[in-house]
Amino acid sequence: MWPRSVATERRCYRQRRTFCFLLVDRNGLNHQNQASTNLKTMKTASYSAILVVAAALLSSKADASKEFVALLPNGDNVPGASAIGHSDNTGRSSATNAFGNAFADAGKSWTLSLCQADTDGDGQTNGQELGDPCCEWSVGSTPRWTSGVSHPSDASKTSNESLWANINCTGVTTVSSSDASGLQPVGFLLIAAAIVLSLV
């Protein structure tokens, strides 16, 4: 190949958008220096980045269910349901049930209105079903009871009313909302994915 000072350089485009450089030497002979190797390396790196981001997003979805569970009293203690806000009760499906929709409407927080609501229409409030009949629970604390809880989006499952029959909620400080800041890393992952995809 001739030195750049001797050769005239110009870009050309071939099929499949692989670019190359045509170098014309003193004698008018063309020397083609394809940059397809560099393009293949760039494409491989881009695909690898997309796979890494996709894997992170999928794992963050599973982690998000765990984080949501921590934002609810007995959220991880409802028999037969590891994700009480999802229709499949596992969190593998993105479809939410009535309780999941109410939780989202409450800003993904345990609020007084969410606690006092009866999302499955079984005659028991969400708080009664989840061990927080006075709506006083806050993130990190222990609910009034941890056994005998029921699913707040399944009318066929109710808690035993004797669990709260003798509890006087008068004068109890109720919770206004729970801190959902633990979910912020998921948002950062989504932003990072958008940036990576825009660079491809």
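Figured I'd write up the structure that's included with this text. Note that the structure is a prediction, hence the values are computed from the model and not measured.

Here the focus is the environment of proline 152. With respect to the secondary-structure elements, proline 152 resides in the loop between helix 4 (126–129) and helix 5 (184–199). Sequence separation between proline 152 and glutamine 128 is 24 residues, and the spatial gap between their C-alpha atoms is 9.0 Å. Not counting residues within four places of it along the chain, the set of residues in contact with proline 152 comprises Ile84, Phe99, Thr119, Asp120, Asn126, Glu129 and Leu130.

Bringing the pattern of salt bridges into the picture now. By the definition in use, this model includes 2 salt bridges. Linking arginine 144 and glutamate 136 is a salt bridge whose minimum nitrogen-to-oxygen distance equals 2.4 Å. Its relative accessible area of 40% is what places arginine 144 among the partly exposed residues. You can call glutamate 136 partly exposed: its relative accessible area is 28%.

This brings us to the state of the cysteines. As enumerated under the stated definition, the model contains 2 disulfides in all. The disulfide that involves cysteine 134 links it to cysteine 169, with 1.8 Å between the sulfurs. Its S-S torsion of approximately -75° makes the covalent link between cysteine 134 and cysteine 169 left-handed. Highlighted residues: cysteine 134 in the loop between helix 4 and helix 5 and cysteine 169 in the loop between helix 4 and helix 5, separated in sequence by 35 residues.

We now examine the packing of aromatic side chains. Under the defined criterion, the tally for this structure stands at 3 aromatic pairs. With a centroid separation of 5.8 Å and an interplanar angle of 80°, the aromatic rings of phenylalanine 68 and phenylalanine 103 are classed as edge-to-face. Note that phenylalanine 68 is positioned in helix 1 (residues 36–70) and phenylalanine 103 in helix 2 (residues 98–105), a separation of 35 residues in sequence. Ring centres of phenylalanine 99 and phenylalanine 103 lie 6.5 Å apart, and the angle between their planes is 10°; this geometry places the pair in the stacked category. Taken together, the positions of phenylalanine 99 and phenylalanine 103, both in helix 2 and 4 residues apart, correspond to about one turn of that helix. Each member of the aromatic cluster is reached from another via a ring pair, and the members are Phe68, Phe99 and Phe103.

The rules behind the values
Residues numbered from 1 in each chain as written. Predicted model: local features only at pLDDT ≥ 70, side-chain atom pairs only at ≥ 80, totals over all residues. Heavy atoms only, no water. Helix = DSSP H or I, 4+ residues; strand = E, 2+ residues; numbered from the N terminus. Contact = heavy atoms within 4.5 Å. Salt bridge = Lys/Arg side-chain N within 4 Å of Asp/Glu carboxyl O. Buried < 20%, exposed > 50% of the residue type's maximum accessible area, 1.4 Å probe, protein only. Disulfide = S-S within 2.5 Å. Phe/Tyr/Trp six-rings, centres within 6.5 Å; stacked < 30°, edge-to-face > 60°.

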